[in-house]
Amino acid sequence: MLPAPSFEHLVGRDSEIARLQDAVESLATGRGTVVEIAGDSGIGKTSLLGVLAALAGRSGIRVLRAHAVRGPRRLPYQLFRDAWGEDFPAGDAIRGLFAHWAAQGGGVLILDGLQWCDEDSADLVALLIRAPVPGPFVLAVAHRPRQTRPLLLEALDHGAQTGTVLRLELGPLPPGAVAAVLALDPGAGARRYAERLHEACGGNPRNLRILAAAGWEPDSWPDRAGTDRDALLRAAATLTAELDELTPDAAATIGAAAVLGDPFRPEDVAVVSGLGLDRTLDALAELTRGDLVRPLASGGRFAFRHRVLGHVAHERCVPSFLLPAHRRALALLSARGAPAAARARHAEYVVGTDGAAALQALADGAAEVIGVQPATAARWLLLVLDASPRGDRPDPDRATLMLSCCQALIAAGLLDEARALAHDVLCDLSYLPADLRLAAHAVCADVERLMGRYEEAEAMAHAALGELPRPLPSPLPVGAAELTVKYGLVHILRNTYGQARPLVREVAAAADGRAGPAQLGLLVLAAFGDAYLAEMATAVPEVTACARLVDGLPDAMAARIPEALAMVGCAEIYLQRFGDAYRHLRRGLKIMNGGAQRHIAIHHLLGLAVLDQWTGRLDRAVEQALEAERAARAIGADDAEGFAMTIRATALLWARSRRDTAEIVALAEAGYRGTSPGQGWWGGAAAGNLALIRLMNRDPRGSAQILLEAGGGTGLPLAQAQCRPELLAVLAMAALQCGDRPAADRSAADAEEAAANAGLPGQRASAWRARAMLHQADGDHDAAVKLFEDAADAFRRTGTPVQHAWTLVCGARSAAVALGQKAGLSWLDSAVAGSRGCGAIRVREEAARVRAELASATPAALGVLTEREREIAELAAAGRRSREIADQLFLSPRTVEAHLARVYRKLEVSSRAALAAVLLRVPR
């Protein structure tokens, strides 16, 4: 349901309001004008006249207003009488009256609905337009050009050409205005929703209000305006007033046209209304004069002024008219061989009275639209199931319908309803053929997976797969490929895909070369699974081949396997093919229009959020993650919502100042708590994001703790293979900051080994940076600077600018020691320049801090140290360990550490690298 709209101010009309303001201000200089506001019904003419009246009233200017109404007029100059009062003079005295009014300080006369004014009023308005009243007098008129008298149109056109008329032609609101009018939350999802709603309402403010009140949903448009009929009719009161004034034939004709929908042919309307062609043509002429319908340019067809008007006309029809009209429309379209979806929209109104023909039309229509309008397909299939008798034993035809309805409900995000229906099918499978049994298990496993019931989903899929004959036949049994895909996806999310891989690859090998979306989906899963497990020898060529296959699919075919694009895109993220990943994930979102496949759309959004974060589009990463959160919350996908929160927190970590860290940590903590406990994919991925955020918040113990818990202990054996190098690098840094040098060395070595096995430059860069930090802590700046350079270059080549800039900041101290102060500052300059393009405020703040640290390191600062403290400081800066210093100076290691603590405090540094930077500037 849409939020209640707010119209406290006119959105998207700033330029028009500014011109009205100029017209009012000109009155103070003794100059008046004629203001024309022209546009279609509902476009906002009256609202702008209200703005003009308010501006004039605020300036103390007299304002008179009147609105012409349809119907016979009793008196001449009725429009002016409504504005002035019953004592309004007639004839030649009229112009003098307004001239006198202008001479007494001026004023504003507002005449709305000019297209409906009486003939005498029209003549007078035309005179006032052609010969404007001199002095500070504004005549403002609003009208619909299609229905306005030619006399007035000619006068207004002449005035616009000569400059005596200020013409404001109101067009549709811009797309961005819809989100502002409805106060939608910012974000890519809200923007796309607003764009589709803008398309539906045509940018017309009144149409927008009507659709908002009706509870408009993209998935049901244009078949339905919304789910709340009463609210729709209340919001459309001005439209129904126009319809109420129609003659009986015109009312029947517009009702029949509404039943048929846009566009419609007169001969079809004549059949549906029962009026016959001659009466229908006369009625269409009346409707055209009232601008309720408009003839199209070719084909002899007509269309409503706007689709919204057609829906209003339909909803106000009484059942005694609607049912026969839809029955005649269904018979007409069936005889013509119209598409199933076109017939189904009539069949749903007569399903209780028209028997088998209506049921078949609904089933066929659902099959036609399930990929793009799943909620509509589910509604039609539920009607069929409700109207079909249930036998004593399972019926294969009914089971097929139930499973199709489950798939439609899943695609529409109605998981509870889908689960209940799927389990109803599973109650007794003994009378069903093998292909339906496999399909039933596949649907049940799918809905259980989407609801986070991974154990149940795996058990259902595994039980059915265990019944497949061995060796696998060729061709595979119908449904085997789809069931295997669901089985593999469950194991992906449980982080146990290694267990499923042999079966997935066995079935994929049997399906290879077979045509069909299910087989293609299986091949994509096999490639994605190997990328997930970092099995690069097979993943790299197979992901490439699968990308080529999905690229060759038309959108309609790709929509039948929407998870394929998500898997290909995510596999390409793993392989660091960011450009290809963007292409596939964006395409996937585009073909899943409206409310279709919401659960899969969430995966596309999450993938795009990760991509945007890695590639330095931090603001967009936050936006995509927030949209994924909302979408996941809407369908009860708690794991996806929690993970999305940690992605958003990670993007904010780089995009926000350090002072916001506490808020960001809280967001990540809440997201992690929202994922299911255990070692599943969602929780593990969320834990990795939280660990990085804790580390950056100077909580190394908390960072190490979450990584070890989620990753299964030292070496992180349970971590996702593709993420292990980066997570191990974070663990090494956390151990270093905790003072556990053996653990830091061990994790850094594990990160290097995992990165070498994967062979991807971004992963190697993470491991190199971790090792460089260890060298830096040891004071071995020559070794550190080489690794920092290699890591920064690798991050640059993979297109990850934030990580490139952060690496330069981390290595600047070593660069200053090993290469000179100028080199260290140059690294910081490059980091700042790189961070500006991606909005990485945290990088710039840390660069400023390191720059200040290097710049403030002066010889005079060492005067605060004792001779022993300076001696120990110089040895530590040279790379000596505490025990080595203790042995050389005949001290205990504890004494050395105590001296170093005082040195750090006096010089306001926090590490040996920073200490080395201070001593670098001391003359030798």
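None of these values were measured; they are calculated from a predicted model.

1. Remarks on the overall build of the chain
Okay, so step 1: Assigned secondary structure in the chain consists of 47 helices and seven strands.
Okay, so step 2: With respect to the principal axes defined by its C-alpha atoms, the chain has extents near 120 × 85 × 35 Å.
Okay, so step 3: Taken across its 924 residues, the chain has 55% of its residues classed as buried.
Okay, so step 4: Residue pairs at least 24 apart in sequence account for 67% of intrachain contacts in the chain once pairs closer than 6 positions are excluded.
Okay, so step 5: When the accessible area of the chain is evaluated, it comes to approximately 38,100 Å², of which 53% is carbon and sulfur surface.

2. Comments concerning the packing of helix α35 (residues 681-696) against helix α36 (residues 700-711)
The geometry of a pair of packed helices is captured by two quantities: the angle between their axes and the separation between those axes.
Okay, so step 1: The interhelical angle for the contact between α35 and α36, taken along N-to-C directions, is 165°, at an axis separation of 7 Å. Classified by the angle their axes make, α35 and α36 are roughly antiparallel. Between α35 and α36 the crossing geometry is left-handed. Here Ala687, Gly688, Leu690, Ala691, Arg694 and Leu695 of α35 lie close against α36, whose contacting residues are Pro700, Gly702, Ser703, Ile706, Leu707 and Ala710.
Okay, so step 2: When the residues that make up the contact of α35 with α36 are grouped by side-chain class, the tally is eight nonpolar, three polar and one charged.

3. Brief notes about the pairing of strand β3 (residues 107-112)
Okay, so step 1: Burial of β3 is extensive: six of the six residues sit out of reach of the surface.
Okay, so step 2: Because side chains alternate across β3, one face comprises the buried residues Gly107, Leu109 and Leu111, and the other comprises Val108, Ile110 and Asp112, equally buried.
Okay, so step 3: Two elements, β3 and strand β4 (residues 137-143), share five bridges in a ladder whose sense is parallel. Opposite Leu109, over in β4, you have Leu139 as the bridge partner.
Okay, so step 4: The β-α-β motif built from β3, the intervening helix α5 (residues 119-130) and the parallel element β4 has right-handed crossover chirality.

4. Here we look at the packing of helix α27 (residues 536-551) against helix α29 (residues 562-574)
Okay, so step 1: Look at α27 against α29: their axes get within 10 Å of each other, and the N-to-C directions meet at 140°. Relative to α29, the element α27 lies oblique. In this structure, the crossing between α27 and α29 has a hand that is left-handed. For the pair α27 and α29, contact is made by Val543, Cys546, Ala547 and Val550 and by Ala564, Leu565, Val568, Ala571 and Glu572, respectively.
Okay, so step 2: Here the contact of α27 with α29 is composed, by residue class, of eight nonpolar, no polar and one charged.

5. A closer look at the packing of aromatic side chains
Okay, so step 1: Tallying each qualifying case throughout the model produces 12 aromatic pairs.
Okay, so step 2: Taking 4.9 Å as the distance between ring centres and 80° as the angle between the ring planes, the aromatic pair formed by Trp681 and Trp682 counts as edge-to-face.
Okay, so step 3: Trp681 sits in the buried class, given a relative accessible area of 16%.
Okay, so step 4: Overall, Trp682 belongs to the buried group, its relative accessible area being 6%.
Okay, so step 5: The rings of Tyr497, Phe528, Tyr532 and Tyr574 are connected pair by pair, giving a single aromatic cluster.
Okay, so step 6: Directly above the ring of Trp84 sits Arg62, whose terminal nitrogen or CZ lies 5.2 Å from the centroid.

6. Some points on the side chain of Arg343
Okay, so step 1: Among the secondary structure elements, Arg343 is positioned in helix α17 (residues 340-350).
Okay, so step 2: This buried residue, Arg343, is left without a salt bridge; Asp364 holds the nearest opposite charge, at 4.6 Å.
Okay, so step 3: If we ignore the near neighbours within four places in the chain, the residues touching Arg343 are Leu330, Leu333, Ser334, Ala338 and Ala361.

7. Points about the side chain of Arg912
Okay, so step 1: With respect to the helices and strands, Arg912 occurs in helix α47 (residues 912-920).
Okay, so step 2: Nearest to the buried, unbridged Arg912 among oppositely charged side chains is Glu897, at 4.2 Å.
Okay, so step 3: Within polar-contact distance, the side chain of Arg912 engages the backbone oxygen of Arg880 at 2.5 Å.
Okay, so step 4: In terms of polar contacts, Arg912 uses its side chain to reach the side chain of Ser882, at 2.9 Å.
Okay, so step 5: Discounting chain neighbours no more than four positions away, the residues touching Arg912 are Ala777, Ala876, Arg880, Arg881, Ser882, Glu897, Leu900 and Tyr904.

8. Quick notes on the environment of Gln722
Okay, so step 1: Positionally, Gln722 belongs in the loop between α36 and α37 (724-737).
Okay, so step 2: Sequence separation between Gln722 and Ala754 is 32 residues; the distance between their C-alpha atoms is 8.8 Å.
Okay, so step 3: Among the polar contacts made by the side chain of Gln722, one reaches the main-chain carbonyl oxygen of Ala531 at a distance of 2.9 Å.

9. Re the pattern of salt bridges
Okay, so step 1: Within this structure, the stated rule accounts for 51 salt bridges.
Okay, so step 2: The closest approach of N and O atoms between Asp778 and Arg741, which form a salt bridge, is 2.4 Å. Of this pair, Asp778 sits in helix α39 (residues 761-778) while Arg741 sits in helix α38 (residues 741-758), and the two are 37 residues apart along the sequence. Like Asp778, the residue Arg741 is buried in the burial classification.
Okay, so step 3: Residues joined by salt bridges that share partners form a network here, namely Arg741, Asp745, Glu752, Arg771, Asp778 and Arg881.

Definitions and limits used
Residues numbered from 1 in each chain as written. Predicted model: local features only at pLDDT ≥ 70, side-chain atom pairs only at ≥ 80, totals over all residues. Heavy atoms only, no water. Helix = DSSP H or I, 4+ residues; strand = E, 2+ residues; numbered from the N terminus. Buried < 20%, exposed > 50% of the residue type's maximum accessible area, 1.4 Å probe, protein only. Contact = heavy atoms within 4.5 Å. Areas by Shrake-Rupley, 256 points an atom, 1.4 Å probe, with all protein chains shown as cover. Axes fitted to C-alpha atoms, helices over the stretch in contact; angles between N-to-C directions. Parallel < 35°, antiparallel > 145°, perpendicular 65-115°, else oblique. Left-handed = near helix turned anticlockwise from the far one by under 90°. Nonpolar A, V, L, I, M, F, W, Y, C, P; charged D, E, K, R; others polar. Pairing = 2+ DSSP bridges. Right-handed = clockwise from strand over helix to strand, strands pointing away. Phe/Tyr/Trp six-rings, centres within 6.5 Å; stacked < 30°, edge-to-face > 60°. Lys NZ or Arg CZ within 6 Å of the ring centre and 35° of its normal. Lys, Arg positive; Asp, Glu negative; His and termini not counted. Salt bridge = Lys/Arg side-chain N within 4 Å of Asp/Glu carboxyl O. Polar contact = N/O pair within 3.5 Å; in protein donor to acceptor, adjacent residues only side chain to side chain.

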